[in-house]
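# Topology and contacts: notes
One letter stands for each residue in the lines below.
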Amino acid sequence: MKVIIALEEMIKDNEMVIKSIKKQLSKHESGESKLTYMGKASAETNLEVAKEQLERHKEKLKELMAGDMVELEEKERIKEAITRKNYIHYQKTRIRRDITKSNDEKIEAMLILDELKEDEIIEDTILFEIASKVISLHLSFHTELQKELRIIKKDFEDSIKDLDDENIKELVSFNAQIPIVILHLYVLIENIKANIKEDNLPAFRGLPKFEDWWINELWSNHQAYYGLYKWKAIIKNLCITSDQKKAWEVIFTNWLSIKKALNKKGALGYHYNYAFDTVMRNHTELEEELATNSLISMENLMETLAKEEDFTKSPAKHTLVTDYVIFKREKLDYKDVKPLPKKTIQKSE
């Protein structure tokens, strides 16, 4: 059962967090790695929270594994039964109305409830914790999505069944990835349409067309990069929720990596690339611009927009020293030198 698997994973996560925090505090006490006063207080607070979560998750796992409720006194049993009945009866309503949770979490939470027996109950807080873990572990694949994935897989397999060129054998590594990327975009579009219907927003008019030269000249022509960047941003603006925007980032990255790999094969990859584009269009309506006049118009538009951009300015969230760089410095025990003021840094001749 998904609930059991998720709870076991959550207990492991709790234990790892507790172990990590204890190690951090131990290093502080030994003087090996001193924490600030606020850092120590934060670590101690996080440790207590993690311990409470661990106990709560263990207790719930034990309860579900046992399968039977502890017998209560008759009066308490009746009172508890009434309370439980009301709690369960209105639980899905509470879940739907919870504005702090994403649609995916709400859907997953309700699917988990459907798995439980009539006499089993999971409190809302733990239920959403389990739902989040189920989502992160990809444990849930709804029936309709499994059906859609099977259809997409068959369509793609039928499209490439006659391709047996030795020069494109390495492309078979994409055979499993491509249907999933198509499915993810299909789900994203359906999710956007559902939000539009719920919120009575203007109708979804489809995705803008992409242009092959953006991919073909991606690292050799800044206009190609800029066109792809703008196209990606337009679709991101069609997303309504933050989860949809995050999903599009992942889909775009995977789609582009596949398209770029196929582009590198040149004419040898045309048939495989065509199969990818065709199945993608049939299931998501994402398609490529083929009209020369439209290609020229878009290129002119990109040139105009580029002239209005100030490429000398960094974005507001620009960070030279990323979190990973900080992590890597710590792993390598790298001692950074004091940075020079920007005005003293000279361009190389």
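Residues numbered from 1 in each chain as written. Predicted model: local features only at pLDDT ≥ 70, side-chain atom pairs only at ≥ 80, totals over all residues. Heavy atoms only, no water.

### So, the overall build of the protein chain
The condition that has to hold: Secondary structure follows DSSP: runs of H or I at least 4 residues long count as helices, runs of E at least 2 residues long count as strands, and numbering of each begins at the N terminus. Residue exposure (1.4 Å probe, protein chains only): buried if accessible area is under 20% of the type maximum, exposed if over 50%, otherwise partly exposed. Any pair of residues with heavy atoms lying within 4.5 Å of one another is described as a contacting pair. Note on areas: Shrake-Rupley, 1.4 Å probe, and residue coverage restricted to the protein chains presented here.
Check the secondary structure of the protein chain and you find 14 helices and zero strands. Sequence-ordered secondary structure for the protein chain, helices as α and strands as β, is α-α-α-α-α-α-α-α-α-α-α-α-α-α. Here the protein chain holds 349 residues, and 31% of them are scored as buried. Contacts in the protein chain between residues far apart in sequence, at least 24 positions, make up 71% of those at least 6 positions apart. As displayed, the protein chain offers around 24300 Å² of accessible surface, 54% of which is attributable to carbon and sulfur atoms.

### Looking at the packing of aromatic side chains
Using the following cut-off: Working definition: a ring pair exists when centres of Phe, Tyr or Trp rings (six-membered ring for Trp) sit within 6.5 Å. Plane angles under 30 degrees give stacked, over 60 give edge-to-face, the rest tilted.
Across all of its chains, the model carries 13 aromatic pairs by this definition. Measuring from ring centre to ring centre gives 5.2 Å for Trp231 and Trp255, while their planes differ by 40 degrees; the resulting arrangement is tilted. Here the residue Trp231 occupies a position in helix 10 (residues 222-238), and Trp255 occupies one in helix 11 (residues 242-264), the gap between them amounting to 24 residues. Given a relative accessible area of 2%, Trp231 falls into the buried group. The structure contains a cluster of three or more aromatic residues connected by ring pairs, namely Phe210, Trp214, Trp231, Trp248, Phe252 and Trp255.

### Brief notes about the packing of helix 5 (residues 103-115) against helix 6 (residues 124-136)
Keep this limit in mind: Lines are fitted to the C-alpha atoms to define the axes, a helix being fitted only along its stretch in contact, and any angle between axes, read from their N-to-C directions, falls within 0 to 180 degrees. The scheme is simple: roughly parallel for angles under 35 degrees, roughly antiparallel for over 145, roughly perpendicular for 65 to 115, oblique for anything else. Note that Gly is not counted as nonpolar here; it falls among the polar residues with everything else outside the nonpolar set of Ala, Val, Leu, Ile, Met, Phe, Trp, Tyr, Cys and Pro and the charged set of Asp, Glu, Lys and Arg.
The geometry of helix 5 relative to helix 6 is characterised by a closest axis approach of 9 Å and an angle of 105 degrees between their N-to-C directions. Judged by the inter-axis angle, helix 5 sits roughly perpendicular to helix 6. The segment helix 5 lies against helix 6, with Asp104, Glu105, Lys106, Glu108, Ala109, Ile112 and Leu113 engaging Leu127, Phe128, Ile130, Ala131, Ser132, Val134 and Ile135. Grouping the amino acids of the contact of helix 5 with helix 6 by side-chain chemistry returns nine nonpolar, one polar and four charged.

### Things to note about the environment of Met280
Considering the arrangement of structural elements, one finds Met280 in helix 12 (residues 270-284). Look at Met280 and you get buried, because its relative accessible area is 3%. For the pair formed by Met280 and Pro179, sequence separation is 101 residues and the distance between their alpha carbons is 8.5 Å. Apart from residues lying up to four places away in sequence, Met280 is in contact with Val181, Ile182, Leu185, Trp255, Glu285 and Leu286.

### A short note on the pattern of salt bridges
What counts, and what does not: We define a salt bridge as a side-chain nitrogen of Lys or Arg found within 4 Å of a carboxyl oxygen belonging to Asp or Glu.
One pass over the full model with this rule turns up 12 salt bridges. Across the pair Asp124 and Arg94 runs a salt bridge, and its minimum N-O distance is 2.7 Å. Of this pair, Asp124 sits in helix 6 while Arg94 is found in helix 4 (residues 91-97), placing the two residues 30 residues apart along the sequence. Residue Asp124 is classed as buried on the basis of its relative accessible area, which comes to 17%.

### Thoughts on the nonpolar core
Generally speaking, a soluble globular protein has its nonpolar side chains buried in company with each other. Rule in force here: We define a nonpolar core as any set of buried Ala, Val, Leu, Ile, Met, Phe, Trp, Tyr and Cys residues linked to one another through side-chain atoms lying within 4.5 Å.
With 39 residues, the main nonpolar core has Leu185, Trp231, Trp248, Trp255 and Phe276 as its most contacted residues. Among the secondary structure elements, those contributing two or more residues to this core are helix 7 (143-160), helix 8 (177-199), helix 9 (212-216), helix 10, helix 11 and helix 12. Setting aside residues no more than four positions away along its own chain, Leu185 makes contact with Leu207, Trp248, Ile251, Met280, Thr284 and Leu286. With 28 residues, the next largest nonpolar core counts Ala6, Leu61, Leu64 and Leu116 among its residues.

### Side note on the confidence of the model for the protein chain
To be explicit about the condition: Scored between 0 and 100, pLDDT is the confidence that the predictor attaches to each residue.
In this model, the protein chain carries an average pLDDT of 83, and 87% of its residues clear a pLDDT of 70 or more. When the elements of the protein chain are averaged for pLDDT, helix 3 (residues 74-89) gives the smallest value, 66, and helix 12 the largest, 95. Low pLDDT, under 50, characterises residues 343-349; the predicted model gives this stretch one contact beyond four residues in sequence or across chains.

### Side note on helix 8
We apply this condition: A helix is expected to span 1.5 Å multiplied by its residue count minus one.
Between its terminal C-alpha atoms helix 8 stretches 33 Å, which fits the 33 Å expected from 23 residues at 1.5 Å a residue. Buried within helix 8 we find Ile178, Pro179, Val181, Ile182, Leu183, Leu185, Leu188, Ile189, Ile192, Asn195 and Ile196. Directly after helix 8, the chain includes Asn200, whose backbone phi takes a positive value near 55 degrees.

### So, the packing of helix 10 against helix 13 (residues 292-308)
Contact pair helix 10 / helix 13: the axes reach a minimum separation of 10 Å and the direction vectors enclose 90 degrees. As summarised for this structure, helix 10 and helix 13 are arranged roughly perpendicular, according to the angle between their axes. Seen from helix 10, the contacting residues are Gln223, Tyr226, Gly227 and Lys230; seen from helix 13, they are Met302, Glu303, Leu305 and Ala306. Split into classes, the residues belonging to the contact of helix 10 with helix 13 amount to four nonpolar, two polar and two charged.

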